[in-house]
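# Residue-level structural notes
Each chain, letter by letter, is given below.
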Amino acid sequence: MSTIKIALTKGRLEKFAIAIFENIGIDCTELKDKGRKLIFHSNNSDIDFVLVKATDVLTYVEHGAVDIGIVGKDTLMEYNKDFYEVVDLKVGKCKFAVASLPETNLYEGYNRKKIATKYPHVASTYFRERGIDVEIIKIEGSVELAPILHLADAIVDIVETGDTLRENGLVVKEEICDISARMIVNIASMKMKQKEIGEIIKKLTLVNA
Ligand code: PRP
């Protein structure tokens, strides 16, 4: 039996991923008391966990440095990489949305509207499919600032509770799609470690049914 390596997304999905693995009987004690460590071993399964940024989950899985990744659909939609997306974990639920100041009308006037986002691919695809020509401005974080400081007319971002929009005086103008956490698997690992990975997929699918 070979060790299964799993990359979890740091931050908002972390606690959901831990709960999900504990739910199918995989010990995550080290992950819950992590200190400065970067690799965490399960005490009752031959599994190692690593905690990395969302985009790095895709990179580690694509290159086979880990077998499995837990990552948001938002990141999967933005970056086109090569692996299997196997289970919708139905946690970490949020939406992609277009948001702006309440008075902004994106369809008024002839000027090309500016859209700030951490997700340029998702945003440009959304507007292109609607035949709307926009300028995309890539932002790394705190995207809600962009309309307030007149950097952009609107944003495309993830909305979970809606608190960040509300507290900054922005409103959702259009909902793009629902997002949740997904399990992804490296293409070679799916063949080489079929039995172990198949077991995990089966259990996760059952608890999510
Ligand atoms: C995300 C997103 C919004 C916020 C939405 O940012 O970009 O800003 O969360 O969540 P809410 O609807 O529950 O308020 P994140 O916390 O990942 O930080 P960032 O802006 O620095 O990327």
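Counting of residues starts from 1 at the beginning of each chain's written sequence and follows it residue by residue. Residues qualify for local features only when their pLDDT is at least 70, as the model is predicted, and side-chain atom pairs are given and counted only at 80 or more; totals for whole chains, interfaces and linings, by contrast, use all residues. The side-chain numbers reported here are obtained from all heavy atoms of the structure, hydrogens and water having been left aside.

### Considering the site of the ligand
- The nearness test applies per residue and asks whether one of its heavy atoms lies within 4 Å of the molecule or strand. In the region of the ligand, 13 residues are neighbours, and Arg12, Lys118, Asp157, Thr161 and Thr164 sit closest.
- Here an oxygen atom of the ligand and a side-chain polar atom of Asp157 are 2.6 Å apart.
- N or O atoms closer than or at 3.5 Å make up a polar contact, with two conditions inside protein: a donor-capable atom paired with an acceptor-capable one, and, for residues adjacent in sequence, both atoms drawn from side chains. In the model, an oxygen atom of the ligand is placed 2.7 Å from a nitrogen or oxygen of the Gly162 main chain.
- Summarising the interface, the protein chains cover 71% of the accessible area of the ligand, which totals 500 Å² for the free molecule.
- Helix and strand definitions here come from DSSP, where helices need a minimum of 4 consecutive H or I residues and strands a minimum of 2 consecutive E residues; each element is numbered from the N-terminal end. For the shell around the ligand, the secondary-structure elements that each account for two or more residues are β9 (154–159) and α7 (163–167).
- Counting residues per element, the shell around the ligand draws most heavily on β9, at 3 residues.
- Amino acids are sorted into nonpolar (Ala, Val, Leu, Ile, Met, Phe, Trp, Tyr, Cys and Pro), charged (Asp, Glu, Lys and Arg) and polar (every other residue, Gly among them). A per-class count over the shell around the ligand returns 2 nonpolar, 5 polar and 6 charged. Areas reported as accessible are Shrake-Rupley estimates using a 1.4 Å probe. Residue values count occlusion only from the protein chains shown.

### Focus on unusual backbone geometry
- Although it is not a glycine, Lys90 adopts a positive phi angle of roughly 55 degrees.
- Considering the arrangement of structural elements, one finds Lys90 in the loop between β5 (84–88) and β6 (94–100).
- Accessibility here uses a 1.4 Å probe with only protein chains present; expressed as a share of the type maximum, an area under 20% marks a residue as buried, one over 50% as exposed, and anything in between as partly exposed. Given the relative accessible area of 43%, Lys90 is considered partly exposed.

### Let's talk about the side chain of Ser45
- Here Ser45 is to be found in the loop between β2 (39–41) and β3 (47–52).
- Side chain to side chain, Ser45 and Asn44 meet in a polar contact 2.8 Å long.
- When checking whether two residues touch, look at their non-hydrogen atoms; a contact exists if any pair is within 4.5 Å. When neighbours within four sequence positions are excluded, Ser45 is seen to be in contact with Ile26 and Asp27.

### A closer look at the sheet that holds β9
- For two strands to be treated as a pair, DSSP must find at least two bridges joining them. Within the open sheet, the 5 strands sit side by side as β8-β7-β9-β6-β10. Their pairing is mixed. At either margin of the open sheet sits one strand with a lone partner, and together these are β8 (135–138) and β10 (171–179). On average, each strand axis in the sheet is tilted by 25 degrees relative to the strand beside it, whichever way the strands run.
- Strand direction decides the pairing type here: β6 and β9, joined by 6 bridges, are antiparallel. Note that in β9 the partner of Ala97 across the bridge is Asp157. Angles here are taken between N-to-C directions and fall from 0 to 180 degrees, while the axes themselves are lines fitted to C-alpha atoms, restricted in helices to the stretch in contact.

### Notes on the domain arrangement of the protein
- As assigned here, the protein comprises domain 1 (4–92 + 180–207) and domain 2 (94–178).
- Using only C-alpha atoms to locate each centre, domain 1 and domain 2 end up separated by 30 Å.
- Facing 6 residues of domain 1, the contacting portion of domain 2 comprises 10 residues.
- Joining two parts hides part of their accessible area as seen by a 1.4 Å probe, and the buried area is that hidden amount summed over both. A buried area of about 840 Å², summed over both sides, lies between domain 1 and domain 2, and 52% of it is on carbon and sulfur atoms.
- If you sort the residues of domain 1 by the area they bury against domain 2, Asp74, Met77 and Glu78 come out on top, with a joint share of 61%.
- We define a salt bridge as a contact between a side-chain nitrogen of Lys or Arg and a carboxyl oxygen of Asp or Glu at a distance within 4 Å. Counting the contacts that link domain 1 with domain 2 gives 1 salt bridge.
- A salt bridge links Glu160 to Arg12; its shortest N-O distance comes to 2.1 Å.
- If you look at where domain 1 meets domain 2, you find 5 residue pairs in polar contact (both at pLDDT 80 or more).
- Residues belonging to the side of domain 1 that touches domain 2 are distributed by class as follows: 1 nonpolar, 2 polar and 3 charged. Annotation comment: domain bounds sourced from an automatic or database domain assignment.

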